[in-house]
Each structure stands twice: as C-alpha cells, then as structure tokens.
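# Report on the structure
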Amino acid sequence: QVLLVESGGGLVQAGGSLRLSCAASGGTFSSNTMGWFRQAPGKEREFVAAITSGGAITNYADSVKGRFTISRDSAKNAVYLQMNSLKPEDTAVYYCAAGRRGGYPWPTSYNYDYWGQGAQVTVSS
C-alpha cells in the first residue's frame, strides 16, 4: 500500500521559515514527478510546486516563486519543500503528491495519483 507522510509543519511568525518533508513508502517514486499542493480554509486546493523525477525541472506557483524551494532525494524516496519569507497568506494544509509518471512538473492535481494526509502550516502576522 502506497503511503505518503508529510512532516515539518507548524506555527511560525511572518518572515520565518519551515521545511516540509514527505516520505513515501509502499512504492518507489524515483521515476515520478512529485508535487506539493495546499488548501486554505474555505478555498480550493491549489498548486504550490513540483519537481520531475531527476530533479532537473521544477515548477512553482507565482505566489511562492522566489520564496519556496522544492527538492527530492530519490535514494530516500523523499521530497522536501523549503519555505522562506513566509506570509500569513501561506497558512494552509500542505499536501505531498506523487504523479502517475515523470517527465513534466504538472501544476494540476489530476496528474497525481497518490496523496499524503497533509501538514498544517500556520503563519502568524
């Protein structure tokens, strides 16, 4: 059974940093695109960042570009999201997702087959 588990969420003041981790088990995703999405209260889930299987190509939402960095360690079957200069509007539940194939860092949720349970990130002003 495939399982994605996020960790590293929490409460931080505006301007601070957090690093989210996602560990995958029950499957190997070294050949798959991996992504991060988030959902704020009362809003739809939105794309944050994605990275291709080899890590060569990344994609970011305009709202996080220059502040967030996605990376992966295929040997550990893990993906990370370094979040700097956090803003109150970054407050959301953050989800790790595994794409059904590699090749492109898709920004759309229907390209992802497996999802984690989510990690809460709260940024206070």
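Preceding block: the structure.
Read on for an overview of the structure. Counting of residues starts from 1 at the beginning of each chain's written sequence and follows it residue by residue. Local features in a predicted model are, by the rule used here, given only for residues with pLDDT of at least 70; side-chain atom pairs are given and counted only at 80 or more, and totals for whole chains, interfaces and linings are based on all residues. Excluded from the side-chain calculation are hydrogens and water; included are all heavy atoms of the structure.

### Details of the nonpolar core
What we call a nonpolar core is a set of buried Ala, Val, Leu, Ile, Met, Phe, Trp, Tyr and Cys residues that are connected through their side-chain atoms within 4.5 Å. Note on classification: 1.4 Å probe, protein chains only; a residue is buried when its accessible area is under 20% of the maximum for its type, exposed when over 50%, partly exposed between these limits. By size, the foremost hydrophobic cluster in this structure holds 35 residues, and its most contacted members are W36, L81, M83 and Y94. Helix and strand definitions follow DSSP, with helices as H or I runs of at least four residues and strands as E runs of at least two, each counted in order from the N terminus. At the level of secondary structure, the elements contributing two or more residues to this core comprise β3 (18–25), β4 (34–39), β5 (46–51), β7 (68–73), β8 (78–83), β9 (92–99) and β11 (119–124). Apart from residues lying up to four places away in sequence, M83 is in contact with G16, S17, L18, L20, R67, F68, Y94 and V121. By definition, residues are in contact when any of their heavy atoms lie within 4.5 Å.

### Considerations on the packing of aromatic side chains
A pair of aromatic rings is counted whenever rings of Phe, Tyr or Trp (Trp by its six-membered ring) have centres within 6.5 Å, and the orientation is called stacked for planes under 30 degrees apart, edge-to-face for over 60 and tilted otherwise. Applying the stated criterion across every chain yields a total of 6 aromatic pairs. Summarising the aromatic geometry, the rings of F37 and Y112 are spaced 5.2 Å apart at their centres and angled 75 degrees between planes, so their arrangement reads as edge-to-face. Here the residue F37 occupies a position in strand β4, and Y112 occupies one in strand β10 (residues 112–115), the gap between them amounting to 75 residues. Like F37, the residue Y112 is buried in the burial classification.

### A word on the pairing of β11
Sheet faces and side chains relate simply in a regular strand, where the side chains alternate between the two faces. In β11, alternate side chains face the same way, and those of A119, V121 and V123 are buried while those of Q120, T122 and S124 on the opposite face are not. Across 4 bridges, the pairing between strand β2 (residues 10–13) and β11 is parallel. Each bridged residue has a counterpart across the sheet, and for L11 the counterpart in β11 is T122. Any two strands between which DSSP finds at least two bridges are classified as paired. The pairing of β9 with β11 spans 3 bridges and is classified as antiparallel. Counterpart to A92 in the pairing with β11 is V121.

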